[in-house]
Amino acid sequence: MIDLRPFDTLGGANHGWLDAKHHFSFAGYHDPARVHWGNLRVWNDDTIAPKTGFPPHPHNDMEIITYVREGAITHQDSLGNAGRTEAGDVQVMSAGTGIRHSEYNMEDVTTKIFQIWIVPTRTGDAPQWGAKPFPKGDRSGQFVTLASGYDDDADALPIRTDARVLGATIRAGETATYTLGRNRKAYLVPATGAVDIQGVRVGTRDGAAISDVDTLTITAIDDAEIVMVDAA
């Protein structure tokens, strides 16, 4: 089953400095049909104006993955971590027992991110943060695991949950496949371009909630950059 969620049906709010679109219920937006997808709880599509951002605020017991689509995001937290994550790269914050952090667009250009929250499988661990570049060339025509709760995904950023976050870049007319399994759920969003998923067209920033599928077959209609969560 593939449930298409077009970008123009998403909830959200424009705060001036932040134009936020929500694939799932978040803050002042609530849709009882879009609360979570398996253990995937939040997928926010955020456009952040230059020299603005999220001031320090707390989190606990959540795996928070930030995928930078354009620009860059600068992170600081109560553990003393600081870092700048650029377009195409990924940062992960395991909030654990509690952490405060800020996320600012310190650039002279607009920053666009996907922020993904996944409910952790285990709780009670200390918080941690990490970031890593993932060259888009390495993702050409195939899915690369960006963040993972599985030890055998050694090149991915670690998260404390039964899930993977994956990325792929697919040229128009090319096809990528992914073995999901009928007991799993996937949520896929093209950051750019459009794709066909087994007869369903998914455009830029649309969401596709996928279930009861053994193997996904994704064909690029245009050159496409894809982010996907494989969730429990």
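Look up: the structure comes first, before these words.
Residues numbered from 1 in each chain as written. Predicted model: local features only at pLDDT ≥ 70, side-chain atom pairs only at ≥ 80, totals over all residues. Heavy atoms only, no water.

**Things to note about the nonpolar core**
Core analysis: the biggest nonpolar cluster contains 26 residues, and Leu-40, Trp-43, Ile-65, Ile-116 and Ile-118 have the highest contact counts within it. Those elements that place two or more of their residues in this core are strand 4 (40–48), strand 6 (63–70), strand 9 (90–94), strand 11 (111–118), strand 13 (144–148), strand 15 (163–170), strand 17 (185–192) and strand 22 (224–231). If you count residues domain by domain, this core takes at least three from each of domain 1 (10–133) and domain 2 (144–231). If we ignore the near neighbours within four places in the chain, the residues touching Ile-65 are Val-90, Gln-91, Val-92, Phe-114, Gln-115, Ile-116, Ile-118, Ala-147, Ile-159 and Val-165. Listed in part, the 21 residues of the second largest apolar core include Phe-143, Tyr-178, Ala-220 and Met-228. (Core = buried A, V, L, I, M, F, W, Y, C linked by side-chain atoms within 4.5 Å. Buried < 20%, exposed > 50% of the residue type's maximum accessible area, 1.4 Å probe, protein only. Helix = DSSP H or I, 4+ residues; strand = E, 2+ residues; numbered from the N terminus. Domains from an automatic or database assignment. Contact = heavy atoms within 4.5 Å.)

**What about the pairing of strand 20 (residues 207–211)?**
Of all five residues that make up strand 20, five are buried, and the element is covered over most of its length. By the alternation rule, side chains of strand 20 split into Gly-207, Ala-209 and Ser-211 and Ala-208 and Ile-210, which are all buried. In the sheet, strand 1 (residues 2–5) pairs with strand 20 via four bridges, with the strands oriented antiparallel. When the bridges of strand 20 are listed, Asp-3 appears paired with Ala-209. Both strand 17 and strand 20 contribute to a ladder of four bridges, which runs antiparallel. Looking at the pairing, Leu-188 lines up with Ala-208 of strand 20. (Pairing = 2+ DSSP bridges.)

**Side note on the sheet that holds strand 19 (residues 200–202)**
Read from one edge to the other, the open sheet built from four strands follows the order 16-21-18-19, with strand pairing classed as antiparallel. One side of each edge strand has no neighbouring strand; the edge strands of this open sheet are strand 16 (175–179) and strand 19. Direction aside, neighbouring strands of the sheet carry axes that sit 25° apart on average. Pairing geometry for strand 18 (residues 195–197) and strand 19, over three bridges, is antiparallel. Looking at the pairing, Ile-197 lines up with Val-200 of strand 19. (Axes fitted to C-alpha atoms, helices over the stretch in contact; angles between N-to-C directions.)

**Some points on the sheet that holds strand 8 (residues 82–86)**
The strand order 5-10-7-8 describes an open sheet built from four strands, whose pairing is antiparallel. The open sheet has two free edges, formed respectively by strand 5 (52–59) and strand 8, since each of these has just one partner strand. In this sheet, neighbouring strand axes are inclined to one another by 20° on average, regardless of whether the strands run parallel or antiparallel. As defined by bridge partners, strand 7 (residues 72–77) adjoins strand 10 (residues 99–105) across four bridges and the pair is classed as antiparallel. What sits directly across from Asp-77, in strand 10, is His-101.

Keep in mind that these numbers describe shape and distance, not what the molecule does.
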